[in-house]
Protein chains: 2
Amino acid sequence: MIERYIDAALGKTRADVVLKNGRVLNVFTGEVQRGDIAIAGGKIVGVGSYEGEHEYDIGGKIAVPGLIDAHVHIESSQLSPEEFAKLVVPCGTTTVIADPHEITNVCGIDGARYIAEASKNTPLNVKVMLPSCVPATAFETSGAVIGGDDTQKYLQEDFIFGLGEFMNYPGVIGKDPEVIKKLEAARALGKIVDGHAPETSGEGLNAYIAAGITTDHECACADEAEEKVSKGMYVHLREGSATRNVAENCRAVTAANLRRFLFCTDDRHAADLKANGHLDNALRVAVRAGMNPVWAVIAATLNAAECYGLKGKGAIAPGYDADIAVFDDLEHFRCTLTVIGGKAAAMDGIPLFETGAPALPEAVKNTVRVGQVPPERFRLSLQGKYANVIRIVKGGVVTQKVVREVPSEGGDVQLRGTDLCKLAVVERHHGTGNIGLGLLEGYGLWGGALVLTIAHDSHNIIVLGDNNEDMSAAVAELRRIGGGMAVVGRGRVQSVPLDIAGLMSSLPADEYIRRSEELLQAAYDLGVSRDYEAFMSLSFLALPVIPALKLTDKGLFDVTKFDFCPVDAAPPAEEGAEAPQE
Amino acid sequence: MIERYIDAALGKTRADVVLKNGRVLNVFTGEVQRGDIAIAGGKIVGVGSYEGEHEYDIGGKIAVPGLIDAHVHIESSQLSPEEFAKLVVPCGTTTVIADPHEITNVCGIDGARYIAEASKNTPLNVKVMLPSCVPATAFETSGAVIGGDDTQKYLQEDFIFGLGEFMNYPGVIGKDPEVIKKLEAARALGKIVDGHAPETSGEGLNAYIAAGITTDHECACADEAEEKVSKGMYVHLREGSATRNVAENCRAVTAANLRRFLFCTDDRHAADLKANGHLDNALRVAVRAGMNPVWAVIAATLNAAECYGLKGKGAIAPGYDADIAVFDDLEHFRCTLTVIGGKAAAMDGIPLFETGAPALPEAVKNTVRVGQVPPERFRLSLQGKYANVIRIVKGGVVTQKVVREVPSEGGDVQLRGTDLCKLAVVERHHGTGNIGLGLLEGYGLWGGALVLTIAHDSHNIIVLGDNNEDMSAAVAELRRIGGGMAVVGRGRVQSVPLDIAGLMSSLPADEYIRRSEELLQAAYDLGVSRDYEAFMSLSFLALPVIPALKLTDKGLFDVTKFDFCPVDAAPPAEEGAEAPQE
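Residues numbered from 1 in each chain as written. Chains lettered and ligands numbered in written order. Predicted model: local features only at pLDDT ≥ 70, side-chain atom pairs only at ≥ 80, totals over all residues. Heavy atoms only, no water.

**Brief notes about the overall build of chain A**
Then, number 1: Scanning chain A for helices and strands turns up 16 helices and 30 strands.
Then, number 2: Expected size for 582 residues packed as a compact globule is a radius of gyration near 25 Å; at 25 Å, chain A falls within 12% of this value.
Then, number 3: Once the C-alpha set of chain A is aligned to its principal axes, its extents read approximately 90 × 50 × 45 Å.
Then, number 4: Counting contacts in chain A only where the partners sit at least 6 residues apart, residues at least 24 apart contribute 69% of the total.
Then, number 5: For chain A, the exposed area adds up to about 19,900 Å²; of that, 48% sits on carbon and sulfur atoms.
Then, number 6: Looking at charge distribution, chain A has the averaged site of its 55 positive side-chain charges lying 2 Å from that of its 78 negative ones. (Helix = DSSP H or I, 4+ residues; strand = E, 2+ residues; numbered from the N terminus. Rg over C-alpha atoms; globule rule 2.2 N^0.38 Å. Contact = heavy atoms within 4.5 Å. Areas by Shrake-Rupley, 256 points an atom, 1.4 Å probe, with all protein chains shown as cover. Lys, Arg positive; Asp, Glu negative; His and termini not counted. Charge placed at Lys NZ, Arg CZ, Asp CG, Glu CD.)

**Details of the pairing of strand β5 (residues 62–65) of chain A**
Residue and element names in this part refer to chain A.
Then, number 1: Summarising the sheet, strand β1 (residues 15–26) and β5 pair through two bridges and their orientation is parallel. Residue arginine 23 lies in a different strand from β5, and its bridge partner there is isoleucine 62.
Then, number 2: Taken together, the four bridges between β5 and strand β14 (residues 324–327) define a ladder with antiparallel strand orientation. When the sheet's bridge partners are listed, alanine 63 is paired in β14 with valine 326. (Pairing = 2+ DSSP bridges.)

**Description of the pairing of strand β28 (residues 549–552) of chain B**
Residue and element names in this part refer to chain B.
Then, number 1: Going residue by residue along β28, you find Leu549 and Leu551 tucked away on one face and Lys550 and Thr552 tucked away on the opposite face as well.
Then, number 2: As defined by bridge partners, β28 adjoins strand β29 (residues 555–558) across four bridges and the pair is classed as antiparallel. Along β29, the bridge assignment pairs lysine 550 with phenylalanine 557. (Buried < 20%, exposed > 50% of the residue type's maximum accessible area, 1.4 Å probe, protein only.)

**Some words on the interface of chain A and chain B**
Then, number 1: Contacts between the two partners involve 52 residues from chain A, matched on the other side by 52 residues from chain B.
Then, number 2: Between chain A and chain B, a total of about 4,300 Å² is buried, with carbon and sulfur atoms accounting for 55% of that surface.
Then, number 3: Its largest share of buried area at the contact with chain B, chain A owes to Ile2, Phe28 and Arg259 of chain A, together 17% of the area lost on that side.
Then, number 4: Between the two partners, chain A and chain B, sit six salt bridges. (Buried area = accessible area lost by both parts, 1.4 Å probe. Salt bridge = Lys/Arg side-chain N within 4 Å of Asp/Glu carboxyl O.)

**What to know about the sheet that holds strand β11 (residues 215–216) of chain B**
Residues and elements named next belong to chain B.
Then, number 1: Reading across the sheet, the three strands line up as β11-β12-β13 and stay open at both edges, with parallel pairing between neighbours. Edge positions in the open sheet fall to β11 and β13 (261–264), since each of these has one partner strand only.
Then, number 2: Bridging between β11 and strand β12 (residues 234–238) involves two bridges; their strand directions are parallel. Looking at the pairing, threonine 215 lines up with tyrosine 234 of β12.
Then, number 3: Packing against the sheet, helix α13 (residues 293–307) makes contact with β11, β12 and β13, and its axis sits at approximately 100° to β13. (Axes fitted to C-alpha atoms, helices over the stretch in contact; angles between N-to-C directions.)

**Details of the relation of the copies chain A and chain B**
Then, number 1: The two copies are related by a screw motion: chain A maps onto chain B through a turn of 180° and a shift of 0.0 Å along the axis, at an RMSD of 0.0 Å. On the angle and the small slide along the axis, the relation comes out as a two-fold axis. When C-alpha distances to the rotation axis are compared across chain A, the minimum falls at alanine 255 of chain A, with a value of 3.4 Å.
Then, number 2: In this assembly, 100% of the residues forming the interface of chain A have copies in chain B that are likewise at the interface, indicating an isologous arrangement. (Least-squares fit on C-alpha atoms with pLDDT ≥ 70 in both.)

**Regarding the UniProt feature "domain: Adenine deaminase C-terminal" (unreviewed entry) in chain A**
Then, number 1: In the numbering used here, UniProt assigns the feature "domain: Adenine deaminase C-terminal" (unreviewed entry) to residues 397–562 of chain A.
Then, number 2: Between the C-alpha atoms that bound residues 397–562 of chain A there is a distance of 17 Å. The span itself is 22% helix and 33% strand. (UniProt positions renumbered as here; feature names shortened; annotations may be inferred.)

**Concerning the UniProt feature "domain: Amidohydrolase-related" (unreviewed entry) in chain A**
Then, number 1: On the UniProt side, "domain: Amidohydrolase-related" (unreviewed entry) is annotated at positions that read residues 62–343 of chain A here.
Then, number 2: When the span residues 62–343 of chain A is considered, its composition is 37% helix and 19% strand, and the gap between its end C-alpha atoms is 18 Å.

**Description of the environment of tyrosine 443 of chain B**
Residues and elements named next belong to chain B.
Then, number 1: Here tyrosine 443 shows up in the loop between β23 (435–441) and β24 (448–452).
Then, number 2: A relative accessible area of 1% places tyrosine 443 in the buried class.
Then, number 3: Separated by 22 residues in sequence, tyrosine 443 and cysteine 421 have C-alpha atoms that sit 7.8 Å apart.

**Quick word on unusual backbone geometry**
All names here are of chain A.
Then, number 1: With an omega dihedral of -10°, the bond running from histidine 456 to aspartate 457 counts as a cis peptide bond.
Then, number 2: Within the secondary structure layout, aspartate 457 lies in the loop between β24 (448–452) and β25 (461–465).
Then, number 3: Residue alanine 548 is reached from proline 547 by a cis peptide bond, and omega for that bond is 0°.
Then, number 4: As for its placement among the helices and strands, alanine 548 is situated in the loop between α16 (534–539) and β28 (549–552).
Then, number 5: Of note, arginine 490 is a non-glycine position whose phi angle comes to about 50°, a positive value.
Then, number 6: Looking at the element boundaries, arginine 490 is found in the loop between β26 (484–489) and β27 (492–497).
Then, number 7: In this structure arginine 490 comes out as partly exposed when scored by relative accessible area, which is 47%.

**Topic: the sheet that holds strand β7 (residues 93–98) of chain B**
Residues and elements named next belong to chain B.
Then, number 1: Across the sheet, five strands lie side by side as β6-β7-β8-β9-β10; this open sheet has parallel pairing. Of all the strands in the sheet, the pair left with one neighbour each is β6 (67–72) and β10 (193–195). Neighbour to neighbour, the strand axes of the sheet diverge by 30° on average, direction disregarded.
Then, number 2: Sheet analysis places strand β9 (residues 160–166) next to β10, joined by two bridges and oriented parallel. Bridging from a neighbouring strand, leucine 163 pairs with valine 193 of β10.
Then, number 3: Each of β7, β8 (125–130) and β9 is contacted by helix α4 (residues 109–119), which is oriented at about 170° to β8, the strand it contacts most.

**Overview of the packing of aromatic side chains**
Here the distance between the centres and the angle between the planes together describe a pair of aromatic rings.
Then, number 1: Tallied over the entire structure, the rule returns 19 aromatic pairs over all chains.
Then, number 2: Note on phenylalanine 557 of chain B and phenylalanine 564 of chain B: the rings are 5.2 Å apart at their centroids and 85° apart in plane angle, and the pair reads as edge-to-face.
Then, number 3: Judged by relative accessible area, which is 33%, phenylalanine 564 of chain B ranks as partly exposed.
Then, number 4: Each residue in the set Phe139, Phe557, Phe562 and Phe564 of chain A is aromatic and connected to the rest through ring pairs, giving one cluster. (Phe/Tyr/Trp six-rings, centres within 6.5 Å; stacked < 30°, edge-to-face > 60°.)

**Considerations on the confidence of the model for chain A**
Then, number 1: Averaged over every residue, the pLDDT of chain A is 96; residues scoring 70 or more account for 98%.
Then, number 2: Among the prediction metrics, the complex's ipTM stands at 0.94, with pTM recorded as 0.95. (pLDDT = per-residue confidence, 0-100.)

**Things to note about the packing of helix α8 (residues 202–210) of chain A against helix α1 (residues 2–10) of chain B**
Then, number 1: At a minimum axis distance of 8 Å, the contact between α8 of chain A and α1 of chain B shows a crossing angle of 165°. In terms of orientation, α8 of chain A lies roughly antiparallel with respect to α1 of chain B. You can see that α8 of chain A and α1 of chain B cross each other, and the crossing is right-handed. For the pair α8 of chain A and α1 of chain B, contact is made by Glu203, Gly204, Asn206, Ala207 and Ala210 of chain A and by Tyr5, Ile6, Ala9 and Leu10 of chain B, respectively. (Parallel < 35°, antiparallel > 145°, perpendicular 65-115°, else oblique. Left-handed = near helix turned anticlockwise from the far one by under 90°.)

**Here we look at the pattern of salt bridges**
Then, number 1: Inspection of every chain in the model, using the stated rule, returns 76 salt bridges over all chains.
Then, number 2: The partner of glutamate 518 of chain B in a salt bridge is arginine 514 of chain B, and the shortest N-O contact between them spans 3.1 Å. Here glutamate 518 of chain B pairs with arginine 514 of chain B, and both are found in helix α15 (residues 509–525), just four residues apart, close to one helical turn.
Then, number 3: Overall, the relative accessible area of 42% leaves glutamate 518 of chain B in the partly exposed class.
Then, number 4: For arginine 514 of chain B, a relative accessible area of 45% puts it in the partly exposed group.
Then, number 5: Here the salt bridges do not stand alone but share partners, grouping Lys43, Lys313, Asp321 and Asp323 of chain A into one network.

**Some points on the side chain of asparagine 105 of chain B**
Residue and element names in this part refer to chain B.
Then, number 1: Tracing the backbone through its elements, the reader meets asparagine 105 in helix α3 (residues 101–107).
Then, number 2: A polar side-chain atom of asparagine 105 sits 3.0 Å from the main-chain carbonyl oxygen of histidine 101.
Then, number 3: Each residue touching asparagine 105, except ones within four places of it in the same chain, is listed here: Cys133, Val134, Pro135, Ala136, Ser142, Gly143, Ala144, His429, Asp457 and Ser458. (Polar contact = N/O pair within 3.5 Å; in protein donor to acceptor, adjacent residues only side chain to side chain.)

**Points about the packing of helix α1 (residues 2–10) of chain A against helix α7 (residues 177–189) of chain B**
For any two helices packed against each other, one specifies the inter-axial angle together with the distance between the axes.
Then, number 1: The interhelical angle for the contact between α1 of chain A and α7 of chain B, taken along N-to-C directions, is 110°, at an axis separation of 10 Å. Put simply, α1 of chain A runs roughly perpendicular to α7 of chain B. From α1 of chain A, Ile2, Glu3, Tyr5 and Ile6 of chain A reach across to α7 of chain B, where they touch Ile180, Leu183, Glu184 and Arg187 of chain B.
Then, number 2: Looking at side-chain class alone, the contact of α1 of chain A with α7 of chain B contains five nonpolar, no polar and three charged residues. (Nonpolar A, V, L, I, M, F, W, Y, C, P; charged D, E, K, R; others polar.)

**Re helix α7 (residues 177–189) of chain A**
Then, number 1: For α7 of chain A, spanning 13 residues, the distance from its first C-alpha to its last is 18 Å, which sits close to the expected 18 Å at 1.5 Å a residue.
Then, number 2: Regarding α7 of chain A, the residues found buried are Val179, Ile180, Lys182, Leu183, Ala185 and Ala186 of chain A.
Then, number 3: For α7 of chain A, the secondary structure elements touched by its buried residues are α5 (148–154), β9 (160–166), α6 (169–173) and β10 (193–195) of chain A together with α1 of chain B.
Then, number 4: You can read the cap of α7 of chain A off the contacts: a side-chain oxygen lies 2.8 Å from the backbone nitrogen of glutamate 178 of chain A, and it is on aspartate 176 of chain A.
Then, number 5: Directly after α7 of chain A, the chain includes glycine 190 of chain A, whose backbone phi takes a positive value near 65°. (Expected span 1.5 Å × (residues − 1).)

This is the structure in structure tokens:
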């Protein structure tokens, strides 16, 4: 093959493919040069004056290296890797570092393996990390447990690229033996370890980095990004659907520290990908926020390739993989051509590859392993008149712990006339029969139930309702469709399947987007406040690491105290105040 | 060990070593920050406020990451790796990428292995490349041949880091099958391939790079450096003893392309290292030439580490190897402390490590494998009156081909009264008995002989003299001392041993420098022109790739025609002109 590169580079033989008359962004010099890009054997062999068997005239447009998403949970698109690729490749994305944290918490290593295998049906380069936090916490029942010994074993699998975001900052600082085992395993194998350490600084941050963790995508502000970069971390500028830090954090980028910044999307939903794009969107946001557009491209290409040791990626130069994105300009970043491995993979927003229907291995199917849950299981019996209640806060991720007087009758709370709903987390992985029960205030739902198999991070069934019958029917619907989301109420049952581990749909992207929007509308029709994304806000109510009061299959969890707490509460000190701390 | 890093980073336990009150150059931000550098378990765990078991107060001085020489032939120091380290570590050098091209041409892979093994007696980090051009050309007899299959095998040896400078540019462009095999082997193993491609550009350069060659240290001018960097090469700014490109090539460095520039010394002699330093000298030269001193340090540290994938090297930050150089300032670069792996390795110019006497494996000893060479073997019999003569040009590397009328008597040329000497290259590796004979004009030697076992690149014995007896005695002296250099004349024989492969001395550096300077003086005393470094200029006369006329053990070689040529010449067209091209 090297002979072929040489001949094509010399112009002695025609290249396979030539992008003619381009303006080519040179990430090594920051300059835009005119020339043809010659490709042979999947590699770029030269920029200059070349002829090829196939030629694309890109006259006037700007060719940049294919964009690299340095950290993404493909599951958050709620699509199969195949459908995910069909949305992001037309945006100029050619490589993603995928952290299958969600599916691995459901299916274990087979979930990660599925992401790797399914990605092979697409031209997108997908590097799969091994999730480091399975389960994410000890306060819930996950589908799988990956301990230190497992980590050591799995990191040696060919399809595993590195160790995924290390969310357990306290475990690192506290030298938890299982945590240390995982970090030692990555170190011994020379595998990169991604970080996740919001709001850390100083000596704690030194320790976290010294432990071998080299990236972070959780900087809340430019100062935090500056410190992390100054300590040698690579910092990801993140533009997800919910969490968007690009505009703020790109202020930290200077000519001197540029090489340590990357871009990522982390979590980005199908509808958002479809409507607003992927990394192209992140670049638009950065440039609009004042970032030098050439710097932005360098961050999204060469820097990401260097950080992750992706040899041959991140530049348009001889010897590099022919992964190229052609944009109209460096302001709107409208992608008109994506080339991967020397082949046109998308043009004018349309993917040029077929994947067929997603092939699902047994491991990711039928993951709703729960028996019938009759209405009685949702009865919530209080000892007294007061209850600790989860009050949702606008935005839907953080909650407050409040105490409310809740009437009971016949061994069950009576919610009519209140702004309270019952919230339940039904364990769905091992048939334990665990059901955590609690009360949620402020969501607005009335006369029905919402249910979902996405419930961070263990992804049990989370169901919200104002009556036991609809809650029971909602769970039954998810049993029937093998995971997904449903709205039950006023005599109707509507659902959308998430048949891949209860997290992702095997539907085509367009159909999934349409049906999930209809379902969302049905949820709002039941009164859910528009302050919340009816399902996604629900999915965070089971995450026992974000303040203040959450619910897992094991019960109500006070994040501030980092311990379980009963639903029963002592009477409040004064009306409307927060509960006194027992 | 990770637990130790964490505790020390947090300040929960004292660090092993702390450099107190430093000004620390942060290569990620380009800023100088005040702080203590805490080291535990050989790693930097933090910069901040720390206490340690051992503390060095470096108040006011500037700590930078240990310097990395990205390309050096240790053999060119003419010292053992142990003595080389004692000279360069006090200069702030902590890592070198060593290309044992010279010793491998003599001893084969065992030569490279010796460099790797001997380096372990020192704290210096030495990464050993596999020479790619053994022999350098087909026109001479080398001590070893490393073909494509050997390359594939040796690249898998643990002590081999990558493939050394690929000097055979025509072989790459011409797709020589052995060349391709070597490049394919490196590609398959993911090993870096260093380049050596002076004055290449355009499509030829594209082909050379597309073949997998990623660095170059031979740029003659800034424009050449700019083009190479723009095509994705890493370009080494070189400051050797003979070849010095830093002042010129650092003009090519910009804020945008900085990350692709490194520093190297390539070939630097013991006396030069002693008198003028190593990479510290290169940094001084760069700064004097106007390069931003912070950029210069970044090039010599982080950039080199990134280019060669030296994880954990090139920065002072948590998790990085504790390789540190402390300089008085960023102008004079006077190194006062060198730390390697967390241990003080040199202070105020004095190495703090002992190596003992170099241990020499059999493979590198007794490499002068030649029988007695009696005076008659140096008789040069001409058919006619004219001879093709090597005329040395000031500088000593390039030569001219001239035709001279040379009287003969009794079957031998008569040199009395001319400015000619006999030059002979005596094969010394395999006992072939090959002796190449020629004539050299302009060196000035009279009444004796000089001899040397360094003769690029096959390192046969090269001997220059004006009489057969002294030439014979000179070769006999090198047989006696097992390689080296000698001056014979006016009744005296003086020599300095190069007992390691005939290339390097096992003497302590100071003694070697003193004795070789005495020997040099003896050569000048025999009339050698001060235009030349008496021995080193001689060593290039056997290198059949530099114009115009050279001599190997196989005979006189016309580099312009790229073929052998006889000593006998046709009469010149006019007096004093260059020889007509036959």
